[in-house]
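What follows is each chain in one-letter form.
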Amino acid sequence: MKVFVLILLAISAIFASNVEKLEAQLLSTIAHGLVHKREINVCVDDPSLKGVGKYFKNINIVSCGKADLVFTSHDKDIMQKCKTNLVFSTSYYLYEHSPMIVGAFFWQKGRPNIVFREKRLSHLGISLPKNLRQYAD
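Here Arg117 shows up in the loop between strand E6 (111-116) and helix H4 (118-123). Setting aside anything within four residues of it in sequence, one finds Arg117 in contact with Tyr95, Glu96, Ser98, Pro99, Met100, Ile101, Val102, Gly103 and Asp137.

Right, dumping it as structure tokens:
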């Protein structure tokens, strides 16, 4: 029985690591698609994404006040707390209920989903690269 539990724990640790890598790759693609700089300062204000920072390349995890882009799941008033207009939600509910959010990254039925608010992006003067245009709403 102990061996079974250890194998189960090992498999879940491997799976969690792969999910974090996938989330980091997706968040990196989103960040580089929105902020056209080599080094991007990102604030990750979502407890479920705290582990993805170790997989980022050319992205610095910073405090909210220094961020070019903020990923959040719970705060409608994040733009007043931070000094950026680029707020990306990790909750579809927040995306739906806050018109200032530029997009959302969330999991649904075990798959990652990405959606961008095209009207808000055009207001900010941001055009999405080809690889992200299919996610514009």
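The subject of this paragraph is the pairing of strand E1 (residues 40-45). Two elements, E1 and strand E2 (residues 59-61), share three bridges in a ladder whose sense is parallel. Paired with Asn41 across the strands is Asn60, a residue of E2. Two elements, E1 and strand E3 (residues 69-72), share four bridges in a ladder whose sense is parallel. In the strand pairing of E3, Cys43 is matched with Val70.

What follows concerns the side chain of Ser91. Relative to the elements of secondary structure, Ser91 occurs in the loop between strand E4 (87-89) and helix H3 (92-97). Here Leu94 takes part through its backbone nitrogen, which lies 3.2 Å from a polar atom of the side chain of Ser91. Non-local contacts of Ser91, meaning those with residues more than four positions away in its chain, are made with Thr72, Ser73, Ala104 and Phe105.

What counts as what
Residues numbered from 1 in each chain as written. Predicted model: local features only at pLDDT ≥ 70, side-chain atom pairs only at ≥ 80, totals over all residues. Heavy atoms only, no water. Helix = DSSP H or I, 4+ residues; strand = E, 2+ residues; numbered from the N terminus. Contact = heavy atoms within 4.5 Å. Pairing = 2+ DSSP bridges. Polar contact = N/O pair within 3.5 Å; in protein donor to acceptor, adjacent residues only side chain to side chain.

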